[in-house]
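# Examination of the molecular architecture
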Amino acid sequence: MTKIFPSLLSADFMNLETEIEKLTEAGVDGLHFDVMDGQFVPNISIGFPILEALRAKTTLPIDVHLMIANPEQYIDTFCDKGADKVSVHLEATPHIHRAVQKIKAHGKEAGVVINPGTPVSQLHSILHDVDFVLVMSVNPGFGGQTFIPQAVDKIKMLDAFRTEHQLNFKIEVDGGVNDQTAQSVIEAGADWLVAGSYFFKFDAYDVALKHLKCEG
C-alpha cells in the first residue's frame, strides 16, 4: 500500500503543533523532515531543535532527509534527536556504506538518495544494504518545483533490480508529487510519496491523501 509522507517545509511553522495534530487525524503515514545546509544545496532549513520538539509531540515516524555535506558528522545526532528513518545523498559522501552503517547502528531505517542527474547504476553496490531508496524527481533545495519525468524510468529500474535480486528495500519519491504525477510513480513501483506544496494547499488533509493515493 502506498504511504504518504508530507514534507514539513511546506507546513505552517507558526502553528506547527496544530499542523501535526491535523496530519495525525488525517492518517498520514509519517512526516518528511528536510535538512539543508546551504552547501550541498543552495538553501538552509530546519535542524536539531525542531526535530527534538517534533519528537516530543508525535508518535508518527519521522523521515529525515539529509541534504547536507559530510552527513556522517551529523547522523548520530539526528538519530538521537528522534529520527526514525534517515536518508543520505549518494552525491554527498564518498563513504556511503559507512553512512548507512552508522544509521543502522542506531536501529533506524537507512536510505540512500539520488539526484535527478545521478544514474541508478551508481546505486547497485549499496542496494543490498539499504531499507529504502529516495529518488529525487526535482533538483533538491527548494519546494514547488516541476516533476522531472525521467524519474519514472529510475523507479522502474529500481523496482526491476529489487525483483531480480529478491530485495525488500522501499522506493520513495520526492519532488513535484501531486495528483497527476502520483499515478505514474505508483505504477512504476514507488512505495512512499513525499509531497509538500501540493499537500499543504488543501484545507482538509484527508482529501490530499486520497488524491495522492489515487483513491479519488
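Residues numbered from 1 in each chain as written. Predicted model: local features only at pLDDT ≥ 70, side-chain atom pairs only at ≥ 80, totals over all residues. Heavy atoms only, no water.

As summarised here, the arrangement of the eight strands in space is β1-β8-β7-β6-β5-β4-β3-β2, forming an open sheet in which the pairing is parallel. Two strands bound the open sheet, and with one partner strand each, they are β1 (3-6) and β2 (31-36). Adjacent strand axes in the sheet meet at a mean angle of 25° when their direction is disregarded. The strands that helix α2 (residues 48-57) touches are β2 and β3 (62-67); relative to β3, the one it contacts most, it runs at about 170°. (Pairing = 2+ DSSP bridges. Helix = DSSP H or I, 4+ residues; strand = E, 2+ residues; numbered from the N terminus. Axes fitted to C-alpha atoms, helices over the stretch in contact; angles between N-to-C directions. Contact = heavy atoms within 4.5 Å.)

With that settled, the discussion passes to the side chain of S137. Position of S137 among the secondary structure elements: in the loop between β6 (132-136) and α5 (151-164). A polar atom in the side chain of S137 sits 2.6 Å from the backbone oxygen of G175. With sequence-adjacent residues up to four places away left out, S137 is seen in contact with T146, F147, I148, A151, V173, D174 and G175. (Polar contact = N/O pair within 3.5 Å; in protein donor to acceptor, adjacent residues only side chain to side chain.)

Within this structure's numbering, the places UniProt gives as "binding site: substrate" (unreviewed entry) are S7, H65, G141, F142, G143, G144, D174, G175, G176, G196 and S197. Tracing the backbone shows G175 in the loop between β7 (170-174) and α6 (181-188). For G175, a relative accessible area of 7% puts it in the buried group. Setting aside chain neighbours within four positions, we find G175 in contact with S137, V138, F147 and V194. (UniProt positions renumbered as here; feature names shortened; annotations may be inferred. Buried < 20%, exposed > 50% of the residue type's maximum accessible area, 1.4 Å probe, protein only.)

Turning next to the packing of aromatic side chains. Inspection of every chain in the model, using the stated rule, returns seven aromatic pairs. Between F48 and F78 the ring centres are 4.4 Å apart and the planes differ by 50°, which places this aromatic pair in the tilted class. With a gap of 30 residues between them, F48 in helix α2 and F78 in helix α3 (residues 75-81) connect regions that are remote in the sequence. Since its relative accessible area comes to 25%, F48 is described here as partly exposed. (Phe/Tyr/Trp six-rings, centres within 6.5 Å; stacked < 30°, edge-to-face > 60°.)

Another point: the packing of helix α1 (residues 16-26) against helix α8 (residues 205-212). One way to put it is that α1 packs onto α8 with a least axis distance of 8 Å and a crossing angle of 50°. Our classification of the angle between α1 and α8 gives oblique. Judged by the twist between their axes, the crossing of α1 over α8 is right-handed. Only Y205, D206 and L209 of α8 make contact with α1, whose side of the interface consists of E19, K22, L23 and A26. (Parallel < 35°, antiparallel > 145°, perpendicular 65-115°, else oblique. Left-handed = near helix turned anticlockwise from the far one by under 90°.)

What follows is about α5. Taking 1.5 Å as the rise per residue, α5 with 14 residues should run 20 Å; its terminal C-alpha atoms sit 20 Å apart, in good agreement. Taken as a whole, α5 has its buried residues at A151, V152, K154, I155, L158, F161 and R162. Here the buried face of α5 lies against β5 (109-114), β6, β7 and α6. Phi turns positive, to about 55°, at Q166, one or two residues after α5. (Expected span 1.5 Å × (residues − 1).)

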